Amino acid sequence: NPVTRLADYQPPAWLVPDTTLDVDLRDGHTLVTARLTLRRNPERADKPEDLVLDGEHLELRSLTLDGRELNPGDDYRLDGPRLVIPGAPDHFTLTSVVRIEPENNTALEGLYRSNGMYCTQCEAEGFRRITFFPDRPDVLSRFTTTIHADKSAYPLLLSNGNPVDAGEEQGGRHYATWEDPFPKPCYLFALVAGDLACLSDTFITASGREVALRLYAEHRDLDKLDHAMDSLKRAMAWDERVFGREYDLDIFQIVAVSHFNMGAMENKGLNIFNTSCVLAHPDTTTDAAFERVESVVAHEYFHNWSGNRVTCRDWFQLSLKEGFTVFRDQEFSSDMNSRAVVRVENVDFLVNHQFPEDQGPMAHPVRPAAYQKIDNFYTLTVYEKGAEIVRMQHELLGADDFRRATDLYFERFDGQAVTCDDFVACMEEVSGLDLAQFKRWYSQAGTPVLTVTDDYRDGEYRLTIEQHTPATPGEPDKQPLMIPVKLALLDGQGRPLPLDDQGRAETVVILRETREALSFQLPERPTPSLLRGFSAPVSLRYDFSEEQLVTLLAHDTDGFCRWDAAQRLYFAALARIIDDGESAADQLPRLTPVLERVIARADEDPAQAALLLGLPTENAVGDRHTPLRPQSVHQAVSGLRAAIGEALAEHWWRLAKDLEADAYQGDGAAMGRRRLRRLAIAYLAAAAGQGALDADQVADYVARDFDQPDCMTNALGALRDLVHNGLAQNGRLEAFAERWADEPLVMDQWFAVQASVPGPDTVARAEGLLAHPAFEWTLPNRVRAVVGTLVNGNPSAFHAPDGSGYALFARALKKLDGINPQIAARLASGGARLKRLEPALADQLGAALRDIRPGASANLAEVLDRILGA
Ligand code: B3K
Ligand code: ZN
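Here the structure is a predicted model, which is why all the values come from computation and not from measurement.

1. Some remarks on the overall build of the protein chain
Part 1 of the reasoning: Counting its secondary structure elements, the protein chain contains 27 helices and 31 strands.
Part 2 of the reasoning: Expected size for 870 residues packed as a compact globule is a radius of gyration near 29 Å; at 28 Å, the protein chain falls within 12% of this value.
Part 3 of the reasoning: Projected onto its principal axes, the C-alpha coordinates of the protein chain cover approximately 85 × 65 × 60 Å.
Part 4 of the reasoning: Split into buried and exposed, the 870 residues of the protein chain put 51% on the buried side.
Part 5 of the reasoning: Once local pairs closer than 6 in sequence are excluded, the contacts in the protein chain between residues at least 24 apart make up 71%.

Put into structure tokens, the structure is as follows:
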């Protein structure tokens with residue numbers, strides 16, 4: 001596969017100030033006529049001889065230059081995925097007509113059909129499947145788009161910008177023309193044609209302009225758009241208030257489509273969403289999915305400035321828009337919900353998903369230096385670690401200077417395609433800080449490890465902090481980073497000790513060297529509260545005593561540190577079971593008093609209590625043990641869960657009953673109570689499943705939430721508790737499938753509940769799910785629900801000792817690769833723990849993946865080669 005390198009970046013040779021598209025949607029094929037005005041880029045002094053345009057899966061029908069028909073061979077040549085016109089003039093108009101087949105596009109890139117409608121996905125390099133174009137983000141063009149289609153089948157014709165013309169055509173057809181006044185890279189182009197229902201509203205911007213808001217979905221889903229509309233309006237107001245960013249067009253539209261490779265896409269003025277990230281109704285949608293809709297709607301909206309008005313120079317800069325926009329959506333969610341809970345959720349996700357990526361074969365810098373397929377770099381590292389890098393700059397500058405710096409960034413680079421360096425330069429300019437060392441966060445892969453040691457003598461408390469980043473593939477030697485470490489020191493009662501003459505209780509230490517020593521004058525030996533708020537994306541090592549962890553969990557005012565203390569207690573207990581042969585029951589005398597204290601305070605913040613009381617996932621536990629032995633991890637975690645369920649059964653029963661709701665409510669407080677209640681019930685069900693509690697009594701109670709559901713969170717939670725713990729479910733799985741057969745997003749959950757049943761037997765069950773009439777290989781959500789859930793969320797099944805999970809995995813990847821290479825490659829990264837596995841498993845997984853390597857697509861091959869270490 002050809003490799004693209006950051007070091008080879010050159011500005012584009014030609015610019016395209018204007019693009020006029022005419023898209024004629026016909027049954028079986030589509031004709032795209034593109035008129036591009038081309039102008040040599042004065043920045044390219046070397047004046048390349050050839051004009052080179054990208055184009056894939058296009059059938060070229062005609063090509064004219066300033067009205068003159070060009071001939072193949074003499075005037076142009078098709079060179080693989082490129083169109084080459086030698087000796088092109090400095091200024092000219094190029095008109096091409098191409099034929100494409102959206103009906104046969106299962107890769108879901110470019111123009112394709114989903115459930116009877118047409119839609120597009122162009123980021124990163126999908127526009128080249130629509131027409132010949134310089135498909136790179138630093139070519140910004142003003143687009144005018146006319147769409148023609150049959151009027152009765154496709155009454156709605158949408159594109160970016162504002163509608164400027166529409167009318168009837170012969171043969172029952174019609175057309176619409178849209179004009180986007182903002183120059184944009186072609187990856188932000190979008191088009192939709194279909195018969196959709198619309199929820200309309202308006203938003204008045206800070207400067208008093210009225211913006212039409214339109215959300216589109218299939219007619220039967222019209223009642224599921226209210227939450228997205230509400231989230232959108234709150235996001236628009238928030239961005240004005242917090243970042244000073246106002247919306248710029250007269251209309252903002254979101255279209256829901258069922259076949260979609262990712263969550264959503266920020267096309268200018270016309271966002272296209274996976275139905276799973278926009279539709280929400282209490283009857284069909286869980287609380288977690290409601291929260292996701294809120295954050296994804298906001299995320300895509302925020303891209304209008306961080307990504308669209310100011311875009312990326314090249315795809316190596318992807319985190320410029322993604323890391324920044326994730327930071328923005330996290331801040332939005334924090335302001336809309338409980339900040340402490342949102343922070344812990346975000347950190348949990350980073351530590352348990354991005355850290356493993358950064359410590360395994362897929363590790364890469366937030367700004368990678370090279371790639372084969374850019375699709376493979378839409379990663380947790382670029383998004384989540386990228387957001388942490390922005391968050392650290394927010395911490396280093398303080399909120400006021402950070403806002404001044406983002407104002408400067410948006411103003412200075414409006415309408416331009418820029419780099420991560422340009423972003424940091426604004427931070428430096430406003431604050432006067434030197435961030436040269438800080439920028440290593442962008443270029444160096446791997447999770448830094450901070451090792452903290454301490455010593456207390458004669459009233460002096462000394463902390464030593466060492467930083468070390470382990471080697472990652474291709475990067476053996478690491479340099480020290482600039483790391484903000486927020487800390488407090490707690491006394492025996494868990495109260496913060498004054499750290500200086502002003503009596504400050506909290507300080508931020510900026511590490512720069514490999515080893516740094518700090519000293520504090522204190523009346524007693526403290527409990528250190530380190531990395532408060534998770535002030536940097538590092539792995540912290542400090543030899544906490546159990547007493548210190550209990551103090552932190554009980555008294556720390558920092559939500560992250562409390563959660564981290566609880567996690568450390570659980571990991572330690574699980575390590576004693578896995579490594580030292582202790583039993584789950586052995587852990588109870590140490591754990592239950594701690595848990596009881598959290599339960600006693602649970603009503604202060606039920607959502608936070610649920611986070612503190614929940615055991616880590618099997619993946620999280622497995623990642624802390626080498627070699628990885630998934631079955632013993634599963635035994636330990638499920639054994640400990642059942643033991644805690646039994647030992648604290650009275651508390652769980654009381655919580656479950658006290659937190660029963662009279663009627664459904666959708667506000668944050670009600671969601672928090674549901675979350676804690678579901679956790680309590682899950683503990684009871686775990687204990688009942690292992691025979692430690694009366695299984696019938698528990699199953700009866702659980703089943704009530706299923707039989708008289710007030711919302712999907714409870715119905716699905718109950719179903720999961722029954723099915724995962726082998727409790728009598730009495731045909732409820734079948735009843736659920738029958739009831740929700742016409743709701744694809746609910747059926748995804750039904751598939752996922754079954755694919756996540758722990759234990760090797762689930763592989764056979766998953767084979768059955770793949771053969772179910774409702775399973776579709778061409779529907780990414782469904783594939784993720786079965787294969788993704790099994791591979792990424794069910795280690796004791798995926799790593800079945802007989803290798804059957806790997807066989808299913810390899811077969812699924814091969815099958816998917818022929819349909820949708822992006823999805824295949826994304827799923828393949830589920831094999832990234834290969835080298836950590838105990839040898840008998842590693843051999844089988846390696847063999848299964850090597851088997852499918854020949855003939856793999858460029859997308860899949862890049863991931864397989866990394867995992868296999870080829
Ligand atoms: N920018 C898109 C992601 C596109 C992924 C292309 N493979 C969604 C987002 O991050 O907002
Ligand atoms: Zn994004």
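Let us keep going from here.
2. Notes on the environment of D8
Part 1 of the reasoning: When you line up the elements, D8 lands in the loop between β1 (4–5) and β2 (14–26).
Part 2 of the reasoning: The exposed category is assigned to D8, around which 9 C-beta atoms lie within 10 Å.
Part 3 of the reasoning: In sequence terms D8 and A370 are 362 residues apart; their C-alpha atoms lie 9.7 Å from each other.

3. Notes on the sheet that holds strand β28 (residues 507–511)
Part 1 of the reasoning: Strands sit in the order β28-β27-β30 across an open sheet of three strands; the sheet is antiparallel. Strand pairing shows two members of the sheet lacking a second neighbour, β28 and β30 (527–530), which therefore form its edges. Mean inter-strand twist for the sheet, computed between neighbouring axes without regard to direction, equals 35°.
Part 2 of the reasoning: In this sheet, β30 lies alongside strand β27 (residues 483–490) in antiparallel orientation, the contact comprising four bridges. Residue A488 lies in a different strand from β30, and its bridge partner there is S529.
Part 3 of the reasoning: Its contacts with the sheet place helix α9 (residues 546–555) against β27 and β30, and it is angled at close to 60° to β30.

4. Quick word on the packing of helix α25 (residues 821–828) against helix α27 (residues 858–868)
Part 1 of the reasoning: At their nearest, the axes of α25 and α27 sit 7 Å apart, and the two run at 10° to each other. Classified by the angle their axes make, α25 and α27 are roughly parallel. Each of P821, Q822, A824, A825 and A828 in α25 lies in contact with α27, whose residues at this interface are N859, L860, E862, V863 and L864.
Part 2 of the reasoning: Class assignment for the residues of the contact of α25 with α27 results in seven nonpolar, two polar and one charged.

5. Here's the deal with the nonpolar core
Part 1 of the reasoning: Judged by nonpolar contacts, the single largest core of 259 residues is most densely connected at V192, A193, V255, L640, L684 and L813.
Part 2 of the reasoning: Here this core takes eleven residues from helix α16 (residues 668–689), the largest share from any one element.
Part 3 of the reasoning: Apart from residues lying up to four places away in sequence, L684 is in contact with G645, A649, W652, W653, A656, L693 and V698.

6. Considerations on the UniProt feature "domain: Peptidase M1 membrane alanine aminopeptidase" (unreviewed entry) in the protein chain
Part 1 of the reasoning: Feature annotation in UniProt places "domain: Peptidase M1 membrane alanine aminopeptidase" (unreviewed entry) on residues 228–441, given in this structure's numbering.
Part 2 of the reasoning: Across residues 228–441, helical content stands at 55% and strand content at 9%; the span's end C-alpha atoms are separated by 34 Å.

7. Structural notes on the UniProt feature "domain: Peptidase M1 alanyl aminopeptidase C-terminal" (unreviewed entry) in the protein chain
Part 1 of the reasoning: The feature "domain: Peptidase M1 alanyl aminopeptidase C-terminal" (unreviewed entry), as given by UniProt, occupies residues 547–868 in the numbering adopted here.
Part 2 of the reasoning: Across residues 547–868 one finds 71% helix and 0% strand; the C-alpha atoms that close the span lie 43 Å apart.

8. Regarding the site of ligand 1
Part 1 of the reasoning: If you check the shell around ligand 1, you find E123, A124, M262, A264, M265, E266, H299, E300, H303, E322, D375 and Y378 and nothing else.
Part 2 of the reasoning: Residue assignment for the shell around ligand 1 shows that the elements contributing at least two residues are β20 (264–265) and α2 (287–302).
Part 3 of the reasoning: Its residues assigned to classes, the shell around ligand 1 shows five nonpolar, two polar and five charged.
Part 4 of the reasoning: No fewer than three residues from each of domain 2 (196–278) and domain 3 (310–466 + 504–539) sit in the shell around ligand 1.

9. Quick notes on the sheet that holds strand β8 (residues 82–86)
Two modes of strand pairing occur in sheets, parallel and antiparallel, and in both the strands are linked by backbone hydrogen bonds.
Part 1 of the reasoning: A sheet is described by the order of its strands in space; here three strands give the open sequence β4-β8-β7, paired in antiparallel fashion. This sheet does not close on itself; its edge strands, each paired only once, are β4 (50–54) and β7 (77–79). Averaged over all pairs of adjacent strands, the angle between strand axes in this sheet comes to 30°, irrespective of strand direction.
Part 2 of the reasoning: With five bridges connecting them, β4 and β8 associate as antiparallel partners. Directly across from L53, in β8, lies its bridge partner L83.

10. Describing unusual backbone geometry
Part 1 of the reasoning: Here E123 and A124 are connected by a cis peptide whose omega angle stands at 0°.
Part 2 of the reasoning: In this structure, P627 follows T626 across a cis peptide bond, with omega equal to -5°.
Part 3 of the reasoning: For P627, the position within the fold is in the loop between α13 (618–622) and α14 (630–647).
Part 4 of the reasoning: Within the chain, F534 stands out as a residue other than glycine whose phi angle is a positive 55°.
Part 5 of the reasoning: Positive phi values are uncommon outside glycine, yet N730 reaches one of about 45°.

11. Things to note about the domain arrangement of the protein chain
Part 1 of the reasoning: As assigned here, the protein chain comprises domain 1 (1–192), domain 2 (196–278), domain 3 (310–466 + 504–539) and domain 4 (740–870).
Part 2 of the reasoning: Here domain 1 and domain 2 have C-alpha centroids that lie 26 Å from each other.
Part 3 of the reasoning: Tallied by class, residues from the side of domain 1 that touches domain 2 come to ten nonpolar, seven polar and three charged.

12. A word on helix α5 (residues 380–397)
Part 1 of the reasoning: Its 18 residues give α5 an end-to-end C-alpha distance of 25 Å, which sits within 8% of 26 Å, the value for a rise of 1.5 Å per residue.
Part 2 of the reasoning: Where α5 bends most, the angle comes to about 25°, and this point is G386.
Part 3 of the reasoning: Counting buried positions along α5 gives 14 out of 18 residues, so the element sits mostly inside the fold.
Part 4 of the reasoning: Downstream of α5 by a residue or two, G398 has a phi angle that is positive, lying close to 85°.

13. Some thoughts on helix α21 (residues 762–770)
Part 1 of the reasoning: Within α21 the residues assigned to the buried category are T762, V763, A766 and L769. Seen from one end, α21 has its buried residues packed into an arc of 110°, which puts them on one side. α21 presents A764 and G768 as exposed residues on the side facing more than 90 degrees away from its buried surface.
Part 2 of the reasoning: Buried residues along α21 sit in contact with α20 (744–755), α22 (780–793), α23 (795–798) and α24 (804–817).

14. Describing the environment of G793
Part 1 of the reasoning: Residue placement: G793 occurs in helix α22.
Part 2 of the reasoning: In this structure G793 comes out as partly exposed when scored by C-beta crowding, with 16 C-beta atoms within 10 Å.
Part 3 of the reasoning: For the pair formed by G793 and P758, sequence separation is 35 residues and the distance between their alpha carbons is 9.4 Å.

15. Describing the pairing of strand β19 (residues 251–257)
Part 1 of the reasoning: Of all seven residues in β19, six are buried; the element is thus mostly enclosed.
Part 2 of the reasoning: Pairing of strand β18 (residues 210–217) with β19, which is carried by five bridges, proceeds in the parallel orientation. Paired with R214 across the bridge in β19 is Q253.
Part 3 of the reasoning: Between the parallel pair β18 and β19, the chain is carried across by helix α1 (residues 226–243), and the sense of this crossover is left-handed.
Part 4 of the reasoning: Alignment of β19 against strand β21 (residues 270–274), held across five bridges, turns out to be parallel.

Cut-offs used in this document
Residues numbered from 1 in each chain as written. Chains lettered and ligands numbered in written order. Predicted model: local features only at pLDDT ≥ 70, side-chain atom pairs only at ≥ 80, totals over all residues. Helix = DSSP H or I, 4+ residues; strand = E, 2+ residues; numbered from the N terminus. Rg over C-alpha atoms; globule rule 2.2 N^0.38 Å. Buried ≥ 20, exposed ≤ 12 C-beta atoms within 10 Å, placed from the backbone. Contact = placed C-beta atoms within 7 Å. Pairing = 2+ DSSP bridges. Axes fitted to C-alpha atoms, helices over the stretch in contact; angles between N-to-C directions. Parallel < 35°, antiparallel > 145°, perpendicular 65-115°, else oblique. Nonpolar A, V, L, I, M, F, W, Y, C, P; charged D, E, K, R; others polar. Core = buried A, V, L, I, M, F, W, Y, C linked by C-beta atoms within 7 Å. UniProt positions renumbered as here; feature names shortened; annotations may be inferred. Near = placed C-beta within 6 Å. Domains from an automatic or database assignment. Expected span 1.5 Å × (residues − 1). Bend = angle between axes of the 7 residues up to and from the residue. Arc of directions from axis to C-beta. Right-handed = clockwise from strand over helix to strand, strands pointing away.

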